[in-house]
Amino acid sequence: MPSSAPPPLRCPLCGDHLKVANITGEAAHRSLMCGAAHSFDAARQGYFNLLVGKGTVFEADSADMVAARFNFLAAGHYRPLADAVSAAVVARVLPGSPFTVLDSGTGTGHYLRIVLDDVRRVTGEYTAVALDISKFALRRSARLNPEAVNLACDVWQQLPVADAAVDVVTVIFAPRNAAEFARVLRPDGRLVVVTPRAGHLGSLATRTGMLAIEDEKDARLAESLGGHFVPESSRDVDIHMRLTPGEMADLAFMGPAGHHLDRAAIAARLDRDPDKPDPTSAVDALFRITVFRPVGPAA
């Protein structure tokens, strides 16, 4: 079950500890409040907006991109990846001990849902924090993971999480702020990162104009985390799928390509050959899950 302890949050305005308060009255709602009286009310959909000041300069995923991702993931196509991520997280859980997971770039929350279900089977007390910049994604995430604190924030700014408060940070196809992840992780915590490997969705990329995966992606990942983390282990996950044109359109549109490609145009390119008896096409998804430990003797 979720922990009764407050999540390890801090105010994005002053850095003071944020507490979840249940406000009662004519319009009962939840709010995050700090000792300096800064307050952030929950949106009707259940998430909190902590994008303060000028917000973020980065382009958030649109409602249509999020809908495509929700439909694709809900169909279970990437479930083997979710199970592998969860296994990497659960390996850090001690039975009966409190556990805190931070999912940075949570998207629709599908991966976090699998993680939390598995964590709950090991320990009876856990806390989850989910971050994203897309309000459309957080609406989905808050419904799927109501026990988590779902926050709109920019991962390239200081995270609204206390120092050394998190056991595991998960980052699945999302930006990586090494310094902030190192700050919020406990000394014996771990960073779990999922990246695509060369050849990922290659057949789909050829047909839709998606960008190919660079051969040097692993080296660039290690370099981006250098000084704060060192790799501890890695695991490759290959998923071989047969997808309909609609499923392929969702898969292409739900990622970065959705920011510069039109879904209707993607779907048009994927229209199947009427002379082909099988309406599905083979698509291979190639992932690498890398577990990093913080630099330092306590790790």
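These notes cover the structure that comes with them.

## Comments concerning the packing of aromatic side chains
(1) Moving on: Tallied over the entire structure, the rule returns 4 aromatic pairs.
(2) Moving on: Here the aromatic rings of Phe72 and Tyr78 are separated by 5.1 Å at their centres, their planes lie at 85°, and the arrangement is edge-to-face. Neither residue differs from the other here; Phe72 and Tyr78 are each classed as buried.
(3) Moving on: Between the aromatic rings of Tyr78 and Phe287, the centroid separation amounts to 5.0 Å while the plane-to-plane angle is 85°, which identifies the pairing as edge-to-face. Of this pair, Tyr78 sits in the loop between helix 1 (63–74) and helix 2 (79–90) while Phe287 sits in strand 12 (residues 281–294); the two residues are 209 residues apart in sequence, bridging distant segments of the chain.
(4) Moving on: Judged by its relative accessible area of 4%, Tyr78 falls in the buried class.
(5) Moving on: By the ring-pair criterion, three or more aromatic residues cluster together here, those being Phe72, Tyr78, Tyr111, Phe173 and Phe287.
(6) Moving on: Positioned above the aromatic ring of Phe70, the side-chain terminus of Arg140 is 4.5 Å from the ring centre.

## Notes on helix 4 (residues 135–144)
(1) Moving on: Residues of helix 4 that are buried include every one of Ala137, Leu138, Ser141 and Ala142, and no others. End-on, the buried residues of helix 4 take up no more than an arc of 130°, which puts them together on one face.
(2) Moving on: On the buried face of helix 4, the contacting elements are helix 1, strand 7 (126–132) and strand 8 (149–152).

## Comments concerning the sheet that holds strand 10 (residues 185–196)
Backbone-to-backbone hydrogen bonds join strands into a sheet, with any given pair of strands oriented parallel or antiparallel.
(1) Moving on: Within the open sheet, the 8 strands sit side by side as 5-8-7-6-9-10-12-11. Their pairing is mixed. For this open sheet the edge positions go to strand 5 (48–49) and strand 11 (229–243), each flanked by a neighbour on one side alone.
(2) Moving on: Sheet topology places strand 11 next to strand 12; 14 bridges connect them, and they run antiparallel. Each bridged residue has a counterpart across the sheet, and for Asp238 the counterpart in strand 12 is Leu286.
(3) Moving on: The strands touched by helix 3 (residues 110–122) within the sheet are strand 6 (99–104), strand 7 and strand 9 (166–172), with strand 7 carrying the most contacts at an inclination of about 175°.

## Topic: unusual backbone geometry
(1) Moving on: Positive phi, close to 75°, is recorded for Ala37, a residue that is not glycine.
(2) Moving on: Turning to its location among the elements, Ala37 is positioned in the loop between strand 3 (29–34) and strand 4 (39–41).
(3) Moving on: Residue classification places Ala37 among the exposed residues on the basis of a relative accessible area of 62%.
(4) Moving on: One non-glycine residue with positive phi stands out, namely Ala164, at about 45°.
(5) Moving on: Considering the arrangement of structural elements, one finds Ala164 in the loop between strand 8 and strand 9.
(6) Moving on: Exposure remark for Ala164: the relative accessible area of 35% places this residue in the partly exposed category.

## A closer look at the side chain of Thr108
(1) Moving on: As for its placement among the helices and strands, Thr108 is situated in the loop between strand 6 and helix 3.
(2) Moving on: Since its relative accessible area comes to 1%, Thr108 is described here as buried.
(3) Moving on: Polar contacts involving the side chain of Thr108 include one to the side chain of His110, which spans 2.7 Å.
(4) Moving on: The contact partners of Thr108, leaving out residues within four places of it in the chain, are Val66, Arg69, Phe70, Leu73, Ala137, Arg140, Ser141 and Leu144.

The rules behind each value
Residues numbered from 1 in each chain as written. Predicted model: local features only at pLDDT ≥ 70, side-chain atom pairs only at ≥ 80, totals over all residues. Heavy atoms only, no water. Phe/Tyr/Trp six-rings, centres within 6.5 Å; stacked < 30°, edge-to-face > 60°. Buried < 20%, exposed > 50% of the residue type's maximum accessible area, 1.4 Å probe, protein only. Helix = DSSP H or I, 4+ residues; strand = E, 2+ residues; numbered from the N terminus. Lys NZ or Arg CZ within 6 Å of the ring centre and 35° of its normal. Arc of directions from axis to C-beta. Contact = heavy atoms within 4.5 Å. Pairing = 2+ DSSP bridges. Axes fitted to C-alpha atoms, helices over the stretch in contact; angles between N-to-C directions. Polar contact = N/O pair within 3.5 Å; in protein donor to acceptor, adjacent residues only side chain to side chain.

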